Every structure is written in C-alpha cells, then in structure tokens.
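What the coordinates show
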Amino acid sequence: MKLVVVESPAKAKTINKYLGTDYKVLASYGHIRDLPSKDGSVDPDHNFAMQWEFSSAGRKHLNDIIAALKDCDTLILASDPDREGEAIAWHILEELKEKKKLDGKKIQRVVFHEITKSAVKEGIENPREIDQDLVSAYMARRALDYLVGFTLSPVLWRKLPGSKSAGRVQSVALRLICERENEIEKFKPEEYWTVDVNFLTQSHAAILTHLITLDGKKLDKFSLNSAEKANDAKLKIEAQNFNVDDVERKKASRYPAPPFTTSTLQQEAARKLRFSAKKTMQVAQKLYEDGIITYMRTDAVNLSKDAINSCREAIKKYFGDSYLPKTAKEYKNKTKNAQEAHEAIRPSDVMNTPKKMELKLDNDAYKLYELIWKRTVACQMNPAIFDKVVIDVKSQDKKITLRATGQVIQFDGFLKLYQESKDDSDDDDENIILPNVEAGENVSKDDVKTAQHFTTPPPRFTEASLVKKLEELGIGRPSTYANIIAVLQERKYVKVEKLRFIPEDRGRIVTVFLENFFKKYVEYDFTAQLEEFLDDVSSGNMDWQKLLSGFWTKFIKTVDSVKPLQISEVISRIDEALSAHLFPPREDGSDPRSCPQCHKGHLSIKFGKFGAFLGCSEYPDCSYTKPLTDTKEEEQKELDNANKPNISEDKLMGQYNSLNIYIKKGPYGYYVQLGEEATATTEKPKRVALPKFIKPEELTQQQALILVSLPRNLGNGIEVNIGKYGQYLKQGTTSKSLTGDDNIFNITLERAEEILQNVTSQAKILGKHPQTQEDIVLSRGKYGMYLKCGKNNYRIPKGYAASSLTEEEAIKIITAKK
C-alpha cells in the first residue's frame, strides 16, 4: 500500500479517482507548520535558525498521515510543483523523521503539472527527491519577510501610532501607488487645440482629416495652444483649395498574445472579468484541483507538444483550415529562471470547450475557464491581417497638410476568438473605412472644426496595471501579488474607487516615513535585486544563509539608527514631505495652514492613539482637529473591549480532537470556535453560534463539546443540529424543529423518536441529475415546494404541478435555471 499526500482535499479527491486500490490519498491542508508570529522565530545570531510551530490543525493532519502510514510501505509527497509545494512536502518529511515514523518506508516526491489521469500516471512513474534548492529559497523568503516585518513594524508602531505594519514587498507596492498620486496632484493641465476638416470627394464620399502641417511647418501637440492660433489656422484652411497629395496603402499583421502566465492571467481577469488578483487565484486553484486546467502558478509561456496539437485540432474543427497556421507557433520564455518543465496555464483538455463545461462549473469558474481556453487556442491561430490606409490632403500652395488614417480588417484570424485588453491605452486603432481615392484628385471642404483639449494626468493604478508594473520592475513574484494587494487594503493603506487604487493618508504617512528613514529598503532597484538573489538561491547558485547575513547586517544597523529618533523629528519630516498634499492653496489666497477655528494658530500634523490628525498650535486653547485616518474601527474595538461581559473574549473551554475550544464574541453575538484563527495556509476553524437560551458566562465545558461536535448522532439515523432557523432533528429526508423544553443538550433518542413519529417526510427523491449524478429532491420549505440538487435550491416555475412533478420536468427546470 502506498500513501499519497497532497495539500488540499479537493486535489486528493480528484487524484483518488485515477489511482487504484493500492493507494491511499490524504490532504495536509496546506502547511502543517509555520513560523509563529512572535519574537525569536528566526534567530540571526545562530545562523538564522528557525523555530517552527504547528498550524491550528497541523498536528491533527500530521497524526492522520502517521496513522495512515502504518499500513503503507511507501510515502509519496505530491504537493504542488513550486516553492511552496516543495516546502509543504519538506515540513511533513521533517516532522515524520523527527518522530521516527519513516523506518523501513520508501520516500518519493512527485509533482503533477495538471490533474489528469495521464499526468498523474506520469508523475507517479517519475519520482524524485525533495529539491533542497527550492526549500532553501522558501526558507530565505520566509525568513526575510519575517525579519523585515517583525523588526520594522514595531519601529513604525512607536514612531507612527496608528500604523499597522511594513513589509518587504508590500511597502514598495504602496510607494508605487503613493508616487502615482503625487504625480496626479502635481499635474498641471496644458491647453492644446486641434483642427479637423471634413472633405468631400468628387463622388461625395467623406474623408475626415486632421491638421498636421501649417505654413510649411509640422505641428506638434502644443503648436496650437490657444483659441486665437486655432482660429487663425482655420481661416488659412478656408482660404485654400485642396487635392489628394498622397495615398499610402499597406498590409499589416497582428499576432496573438502568448498563453497565460500567473501574472498575465491576473491582469486579463482584472480587465475583462473585474476579478481581483486574489479571486482569480482562488478560482484558478479550484479549476486546477478539479483537473480542469494546468498548474496556475507559473511564469512559463511554453506549451507541450500534445497541447499544441490539441489546439490545432480544435482550430481546424471549430474555425476551419484558413485559421490554422502551416506550422505550430512555439513561445519562448523571456523571464529569468522561468522553468521550461512548467507550462503556461492552459486547459487540461483543449477539446473541453467552454460550452461543454458550462453546466459543470459555477459562474466564476466558467468565466475564468472560458478566458483561459480562448487565450490558449487563440495563441495557435493565424494572425489578423489589416489593410492600413493613410491619405494626405494638401493645399494648392503646399503649405497646409491634413491627414486621414484608417484600417480595414481583411482577415480576422485569432481576433475571431480572442483579443487582449489594454490598460489605459490611448492607442486607439482607427477602424475608419476610407473611400477609394487617387493622388491628384480634387476634394472640396465640407466643414472645418476647431476643438479645445487639455492634457490629463497619469491614471491611477488598477489591479491589472499595478501587477504589470510590479512585474516590469521585477518586484515580488506573480504568486505573491494577490496577497500583497489584499494586505494593502486590509491595513487601510489604500482604498479602491472605480477599480483604481487611491492611497489613504495612513498609507502616505508610512511611505514618507520609510522613504526618509529606510530609503534603501523601499527602492525599486534594491527590491528587484533582492528578488534576483532569491531566484539564485532557488537555482542553487547562492547560499540562502549567506544572502540573509548580507541583508541583515546592514538592515539591523539602519533600524538601530532610527530607534533613538525623537517622535518630534519624525513628525517634522512627515509634515514637511506631505505639506503640499495636506495644505493645498486656498481659493481666497490665505495661509493654508491657518486654523479655521481660532484663526490664530497654525495647523500641523500630529499623532494620537489611533493615528495621524491635523491639530492647531494654540492647543489647548483651541480644540480644532481634523482626522487624517479612518479610526472608527479602532475606536469601536476599544469600546467593545471596555463593554465586554465578565468572560474573556477568547475564553478557553477545553479541547476536542486535540484542538482548543474557545468562546468568542463576533458582530452577531457569541459563538464557540474549534481551533485557532485561519491563516493563508490553514483551514477556517469550525464555528457554532451560541443558542439564545444560554448565557455565555453560563456555558459549561460539556455544552461547548456538544456544540463543536454537531451534528450529534442520537442513534437509528437520527441527528440533532443547529441550522439557519434554529435547532432541529433529522432522520433521512424528514426533519422537525425543536421547541419548548427540548434542545440539543437534553434531547434523548426516545424523545427524538417520539417527536418524529407523527412527522410525514416533506422531501421526495425524484432521481439523479444526468451530469453531476446528485440527487434531485422535491422538498417543502417556508415558502412552499422547491427542488434541491447538490447545494443549490431551485424555485418551481408557474405551469408545473409540484405534487406530480416528474424527474424529466425537474431536470428541465434545473437546466433552464443554470
């Protein structure tokens, strides 16, 4: 017997379908251990030794692996094929070695770049050992992020009350957003004018042209920078006769974009689907684990020969020979350290068209799969062919030239299927169809128009354009972008309006502090170079401890030099740097720092318990303040803490399955929680709302145990549980609410049978869904009869008799709804 360990139950379920009875498949639920969030987890004085700690459920999952391993002779570690996946496998192996559970066991490391039968078989047949270079790269990144966060954040808290945290990459991303906002605020719009002329040919066809030469001189954007100059140009045009001077026709090709990498998928999903980077990765992870797409963390653009052949087969079948190139298109990786063994993100089976997958996927998964499928197939299609036309019209004295440009698609090629979106592009392809004219042909003026314009500031970053910029600068890695962006929003350093990032004052203050006192560590070049060094570690070209030592020696010196600084000095620097932003010129020309309340004092930045605010120099005689950060959350939290009942918010109530049981207070009341809070790599803990008839301070340990072990089995197939509408009993498809003195704690089997004895089942199984094989159940709810299939409920439309509904009618209703 062989034990296969993967990181998620969904992946385990899919892989289990492809392996025989000689295999057991278990999930580790991500990392079983991590660096604890406390001082000393990384020790620079002892060669950066790390103290690992089990995650909230990590010990339980390790014990499950140990129990399953007893009956197995081989342990196959099959976590994801990247740095984090290698680290998950390494952590499990280290714990098993320490506990001496590997005696006589064969250890194998395998990877699956896609979860298909052939890929799983190939992975199992080609085992290897743990890649120590990847593990070293993981440890270096983990230690770096820990050392920066746990060393720099306390300095922030002491010098800038109300600040949340600083991070190695997050702070650099925040600087990008703040710098863009500074550019926008400093931007001075410039006026310019354009002159357009509509000419008519001898056959009365229209040609819209733009003025490009006046008085024999080529115009630039600001040559006509006033209404006077524009009107002068208009008069000169009206005084002349014109003819066609030159007609240029040429063919142009546009080629498809390469298949998706992690970064380009995040960008396109943001532009086309309005998905956040975090959501894109969550949906892609599920598609991968279900065996529908290849691994979604990759910087490679190459495709396997089988995938290319499948694309060509799909193009021929669905679009015809004219869209199929004579030879296959091969894309080469330009990214340093891109792994050729990895492929771009693509469908596991290209012949599974979006139409075939529509009923198998939820709405978000379908949208992302359709995007991936179209991009993958399009990358192997013929280019689009355009006819580009440029017509120059000149005055008789040859001193004035106007130009018309246009293009016509002669063959749509890959555009028939897919076109890549752009960020804030003003490079609009002019799809104007121009009339057929010849050089020397006379044309008549129909209309001469002048138009005023103003230059616009650079646009704020969207998620797509921020990800693109980070990648261009070599900052961070695509697999980390989703988390970076999420942290900036969670810390309230930035806000999002109309899908664009705007820095909050809290974020700008942190950025100014770091630029003034930790300048090197928020420089783009330094951060990018550090990423290159980390890549060198993963490729085996640099020792991870040597990298950390070089970084730490200089970093801790900078930290130590900042610690003695007086808060007044820090405030002075920040006040000066943010002066233009905080105190913009007033319309009446008065001093922008003058206090609007007492008119005597001057305003300056100050720091209170919850963050920065503007205050008057005449305090305490003048009480004027203006908050710079939203402190409602912090103030409410303090108020809640002050008004807590006699119990602690995190009162320990005992243990269940080696996990701690806590009673906590949330926004909707008290609840019982099994295990610790979730992290990025651990499961969300089980939570059960406290029944209204129990006061939190009166909850017993036995009652807490019952709550976290729900649903409670009473025997004879009868369960007691708490649902959306309260406590209830369930036996098969029959259920009944508990009322009166009966509750989940005192109900017995005999009493439950008595309650259910006279209850008629309100649910009827009509059959199975032909595609998902899930039961289709006819049930009665609060608002009448309805259908249930899997986790979804379906209203029965008018025209159907619910009491006599057939299996065929039910399938029709479900299919129509989907």
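The structure contained in this document is the topic of the report that follows.

The rules behind these values
Residues numbered from 1 in each chain as written. Predicted model: local features only at pLDDT ≥ 70, side-chain atom pairs only at ≥ 80, totals over all residues. Heavy atoms only, no water. Helix = DSSP H or I, 4+ residues; strand = E, 2+ residues; numbered from the N terminus. Buried < 20%, exposed > 50% of the residue type's maximum accessible area, 1.4 Å probe, protein only. Areas by Shrake-Rupley, 256 points an atom, 1.4 Å probe, with all protein chains shown as cover. Lys, Arg positive; Asp, Glu negative; His and termini not counted. Charge placed at Lys NZ, Arg CZ, Asp CG, Glu CD. Core = buried A, V, L, I, M, F, W, Y, C linked by side-chain atoms within 4.5 Å. Contact = heavy atoms within 4.5 Å. Pairing = 2+ DSSP bridges. Axes fitted to C-alpha atoms, helices over the stretch in contact; angles between N-to-C directions. Disulfide = S-S within 2.5 Å. Parallel < 35°, antiparallel > 145°, perpendicular 65-115°, else oblique. Nonpolar A, V, L, I, M, F, W, Y, C, P; charged D, E, K, R; others polar. Expected span 1.5 Å × (residues − 1). Phe/Tyr/Trp six-rings, centres within 6.5 Å; stacked < 30°, edge-to-face > 60°. Lys NZ or Arg CZ within 6 Å of the ring centre and 35° of its normal. 1 Å grid on protein atoms, 1.4 Å probe; cavity = no way out; pocket = protein on both sides within 12 Å on 5 of 7 lines; lining within 4 Å. Points joined across faces, edges and corners; volume = space filled by probe spheres on them.

**Let's talk about the overall build of the protein**
Of regular secondary structure, the protein possesses 23 helices and 32 strands. Across the 818 residues of the protein, 47% fall into the buried class. Only carbon and sulfur atoms are counted for the fraction: they give 47% of the accessible area of the protein, which is about 42,800 Å². Of the side chains in the protein, 124 bear a positive and 119 a negative charge, and the two mean positions are spaced by 3 Å.

**A look at the nonpolar core**
Grouped together as the largest cluster of nonpolar side chains are 155 residues, with contacts concentrated most on Ile293, Leu368, Phe513, Phe518 and Ile574. Among the elements that line this core, the one with the most residues is helix α5 (residues 132-159), at 13 residues. The contacts of Ile574, once residues within four sequence positions are left out, are Leu160, Ile509, Val512, Phe513, Ile605 and Phe607. Core analysis: the second largest hydrophobic core is formed by 26 residues, Ile663, Tyr670, Leu699 and Ile755 among them.

**Details of the sheet that holds strand β18 (residues 603-608)**
Read across the sheet, 3 strands follow the order β18-β19-β20 without closing on themselves; strand pairing throughout is antiparallel. Taken across any chain shown, the strands that pair with only one partner, and hence form the sheet edges, are β18 and β20 (625-627). Adjacent strand axes in the sheet meet at a mean angle of 30°, parallel and antiparallel pairs treated alike. Bridge count between β18 and strand β19 (residues 611-616): 6 bridges; the pairing is antiparallel. If you follow Lys606 over to β19, its bridge partner there is Phe613.

**Observations regarding the state of the cysteines**
Applying the stated rule across the entire model yields 0 disulfides. Free of any disulfide, Cys311 has its nearest cysteine sulfur in Cys379, 5.6 Å distant. The cysteine Cys595 is free of any disulfide, with Cys622 supplying the nearest cysteine sulfur at 3.7 Å. Classification of Cys595 by relative accessible area gives buried; the value is 1%.

**Thoughts on the packing of helix α6 (residues 170-186) against helix α15 (residues 505-517)**
At a minimum axis separation of 9 Å, α6 and α15 run at an interaxial angle of 105°. With respect to each other, α6 and α15 are oriented roughly perpendicular. Contacts between α6 and α15 involve Ser171, Leu174, Arg175, Cys178, Glu179, Glu181, Asn182 and Glu185 on the former and, on the latter, Gly507, Arg508, Val510, Thr511, Leu514 and Glu515. For the contact of α6 with α15, the per-class residue count stands at 4 nonpolar, 4 polar and 6 charged.

**Overview of helix α3 (residues 83-98)**
Helix length check: α3, at 16 residues, gives a terminal C-alpha distance of 22 Å against a target of 22 Å (1.5 Å per residue), a fit within 8%. When you tally the buried positions in α3, you get 12 out of 16 residues, the bulk of the element. Along α3, the residues that are buried comprise Arg83, Gly85, Glu86, Ala87, Ile88, Ala89, Trp90, His91, Ile92, Leu93, Glu95 and Leu96. Lys100, located one to two residues past α3, shows a positive phi value of around 55°.

**Description of the packing of aromatic side chains**
The description of an aromatic ring pair uses the distance of the two centres, along with the angle that the planes make with each other. One pass over the structure, following the stated rule, counts 18 aromatic pairs. Geometrically, the ring pair formed by Tyr521 and Phe551 is edge-to-face, given 5.8 Å between the ring centres and 85° between the ring planes. Within this pair, whereas Tyr521 is found in the loop between α15 and α16 (524-538), its partner Phe551 is found in helix α17 (residues 544-562), the two being separated by 30 residues in sequence. Here Phe526 and Phe551 contribute two aromatic rings whose centre-to-centre distance is 6.5 Å and whose plane-to-plane angle is 25°, an arrangement assigned as stacked. Of this pair, Phe526 sits in helix α16 while Phe551 sits in helix α17, placing them 25 residues apart in sequence. Using a relative accessible area of 16% as the deciding quantity, one classes Phe526 as buried. Linked through ring pairs, Phe513, Phe517, Phe518, Tyr521, Phe526, Phe551, Trp552 and Phe555 together constitute an aromatic cluster. A cation over a ring is seen here: Lys329 above Tyr331, with NZ or CZ 5.3 Å from the ring centre.

**Considering the sheet that holds strand β26 (residues 718-723)**
The sheet built from 4 strands is open, its strands ordered β25-β26-β27-β28 with antiparallel pairing. Each of the sheet's edge strands pairs with one partner strand only, and the pair in question is β25 (712-715) and β28 (734-737). Between one strand and the next, the sheet's axes are offset by a mean angle of 25°, whatever the strand orientation. Here 3 bridges tie β25 to β26, and the two strands are oriented antiparallel to one another. Looking at β26, one finds that Gly715 is bridged to Ile718.

**Section: the pairing of strand β17 (residues 500-503)**
By the bridge criterion, 4 bridges tie strand β16 (residues 494-497) to β17 in an arrangement that is antiparallel. Note on β17: the bridge partner recorded for Val494 is Pro503. What sits between β16 and β17 in their antiparallel hairpin is a turn of 2 residues, with Lys498 showing a positive phi close to 50°.

**A word on the environment of Ala577**
Looking at the element boundaries, Ala577 is found in helix α18 (residues 567-577). In this structure the C-alpha to C-alpha distance between Ala577 and Ile509, which are 68 residues apart in sequence, comes to 9.1 Å.

**Overview of the environment of Leu582**
Mapped onto the elements, Leu582 comes out in helix α19 (residues 579-582). Considered as a pair, Leu582 and Cys178 are 404 residues apart in the sequence and their alpha carbons are 14 Å apart. For Leu582, the residues in contact, after removing those within four places along its chain, are Ile605, Leu614 and Leu628.

**Quick notes on empty space enclosed by the protein**
Scanning all chains against the criterion turns up 3 cavities of 30 Å³ or more. The space that makes up the largest cavity amounts to roughly 90 Å³. The wall of the largest cavity is formed by 13 residues, among which Val148, Gly167, Arg168, Tyr521 and Val522 lie closest to the centre. Contributions of two or more residues to the lining of the largest cavity are made by α5, α16 and α17. Per element, the largest residue contribution to the lining of the largest cavity is 3 residues, and it comes from α16. A per-class count over the lining of the largest cavity returns 9 nonpolar, 3 polar and 1 charged. Here the second largest cavity defines a volume of roughly 50 Å³. Listing elements by their share of the lining of the second largest cavity, those giving two or more residues are α15 and β19. In terms of residue count, the dominant contributor to the lining of the second largest cavity is α15 (3 residues). Tallied by class, residues from the lining of the second largest cavity come to 5 nonpolar, 4 polar and 1 charged.

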